[in-house]
Amino acid sequence: MYISEFVAQTVVEEIGREIRENVNLMDQEGRIIASTDPERIGTLHDGARRVIREGLQELYITPDMETATTRKGINLPIAVRGETVGVIGITGEKERVAGYGNIVRRMTEIMIEDSLLRDKSRYDRRVRYRFMEEWIGKAGAVYDKSFVERGQRLGIDIAKPRRALVIHFARYQVLSDTMEGQRHLEEMEASIRHFADKEKDMLYLREPPRQICLVRTCPDGRMRELAQQIIQLIRRKYRESVLVGIDSGRAGDSQISHNCEEAEAAVGNCREGDREIVFYKELNVELFLDEVDGETMKKYVEKLFPHIDLKELESYMTMIAAYFENDGSVTRMADMLFMHKNTVQYKLKKLETLSGRDIRTPKGAAVYYMALSFYRKLCGSGVLGRNMSL
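Residues numbered from 1 in each chain as written. Predicted model: local features only at pLDDT ≥ 70, side-chain atom pairs only at ≥ 80, totals over all residues. Heavy atoms only, no water.

*Asks:* Looking at this model, I keep getting lost on the overall build of the protein chain. Mind explaining?
*Replies:* When you go through the protein chain residue by residue, the secondary structure sums to 14 helices and 10 strands. In terms of overall size, the protein chain is more extended than a compact globule, its C-alpha atoms giving a radius of gyration of 31 Å where 390 residues would be expected to give roughly 21 Å. In terms of overall dimensions, the protein chain has C-alpha extents of about 100 × 50 × 35 Å along its principal axes. Taking all 390 residues of the protein chain together, the buried fraction comes to 45%. In the protein chain, 59% of the contacts between residues at least 6 apart in sequence involve partners at least 24 apart. Here the protein chain has roughly 21000 Å² of accessible surface; of this, 50% comes from carbon and sulfur atoms. In the protein chain, 61 positive and 62 negative side-chain charges are present, and the distance between their average locations comes to 4 Å. (Helix = DSSP H or I, 4+ residues; strand = E, 2+ residues; numbered from the N terminus. Rg over C-alpha atoms; globule rule 2.2 N^0.38 Å. Buried < 20%, exposed > 50% of the residue type's maximum accessible area, 1.4 Å probe, protein only. Contact = heavy atoms within 4.5 Å. Areas by Shrake-Rupley, 256 points an atom, 1.4 Å probe, with all protein chains shown as cover. Lys, Arg positive; Asp, Glu negative; His and termini not counted. Charge placed at Lys NZ, Arg CZ, Asp CG, Glu CD.)

*Asks:* Hey, could you run me through the environment of A322 in this one?
*Replies:* Mapped onto the secondary structure, A322 falls in helix α11 (residues 310-325). Separated by 57 residues in sequence, A322 and A265 have C-alpha atoms that sit 23 Å apart.

*Asks:* Which parts of the structure should I look at to understand the sheet that holds strand β7 (residues 203-207)?
*Replies:* In sheet architecture, strand pairing relies on hydrogen bonds along the backbone and comes in two forms, parallel and antiparallel. Reading across from one edge, β7-β8-β6-β9-β10 is the order of the five strands in this open sheet, with mixed pairing throughout. With partners counted over all chains shown, the strands left at the sheet margins are β7 and β10 (277-279), one partner each. Ignoring strand direction, the axes of neighbouring strands in this sheet form an average angle of 20°. As paired strands, strand β6 (residues 162-169) and strand β8 (residues 210-216) are joined by seven bridges and run antiparallel to one another. Its bridge partner lying in β8, R163 is registered against V215. (Pairing = 2+ DSSP bridges. Axes fitted to C-alpha atoms, helices over the stretch in contact; angles between N-to-C directions.)

*Asks:* Teacher, can you tell me more about the pairing of β7 here?
*Replies:* When a strand is regular, its side chains alternate between the sheet's two faces. Here five bridges tie β7 to β8, and the two strands are oriented antiparallel to one another. Of the residues in β8, the one forming a bridge with R206 is Q211. In this antiparallel pair of consecutive strands, β7 and β8, the connection spans two residues.

*Asks:* Looking at this structure, how should I read the nonpolar core?
*Replies:* A general trend in soluble globular proteins is that nonpolar side chains are found buried together. Of all hydrophobic cores here, the largest spans 52 residues; its most connected members are W135, L165, I192, L214, V242, V244 and I246. The element contributing the most residues to this core is helix α8 (residues 220-238), with eight residues. Once residues lying within four places of it in the same chain are set aside, the contact partners of V244 are L165, V166, I167, A227, I231, V267, C270, E276, I277 and V278. In this structure, V301, A322, Y368 and L378 belong to the second largest nonpolar core, which totals 32 residues. (Core = buried A, V, L, I, M, F, W, Y, C linked by side-chain atoms within 4.5 Å.)

In structure tokens, the structure reads:
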């Protein structure tokens, strides 16, 4: 049975801190693979070789038995799942270290057993992820019998209709630039994975920078509830924001790759703070925004709103967003914006004077909706504020 050097070093450092003694861990060949004394790593330990070769339950190296690579101290075999996998040694005087012997041995065995279980869990998860990546990548494919059976062995029934949630961390790029940030991302990913494991028949896939959750077909209300629970979980535990895109949930659509594409398109139109959950069915012009380059979007907005600064532009866009979110109801707009209805009417008229288009007409509404979509896209890409000559 193989013990990784990383696991071995973790074990000796933790035990060394507890007992405040030098600790070594030797493999089945008697080679020191981990030590609180870095200079000893890689050397052969004659005492450990004797313990393994002669099947000893304990060996104390006395001063007269010391060699260039073996120092006085106690050495004990480590058994995991009935197999001797190595030897743990504690350097020091017999009266001082003997009392630690069996406790240290048992601690080491428990820690190695735990690491092996974690390794198996990670391996099983990687196998599952590879299958799901292949499954999701099979756009328009007909799944053969062997593929279906592979899924069944992994506990995945690909015949069950499912819906897709795609999750992005709002600060993914910032966090991924540092080691601390990467650890933070891993912790958040683990929390979402554990959430998925607790949900009945929910499948999880880590596919940076996104996370995918596949859910048995359910109503939009349930999908929104799951998305909100994930957002609240990450906000409560890590004070980070999560954006969630949800597929259209069209009945009879068995192509999981299509559902994931829809959810990915939806999450691309989320915004931190005010639009953290977006359904694919809510998208309109957003579906083709990626086909329009940033310079063209910028020119369109500049043409509609000439000679104003970015602060004033933001004010107008807030008004336009409120108009569409409230289906043009001045009363509801006034409530949302904390304004008097007459003030809302005045600002809409001012908007018409500036651009020459009335948002309350079908043609005008289309122009403003496009401008709002372009503005949001420009804000998300960071183009606004760079060479923006409004």
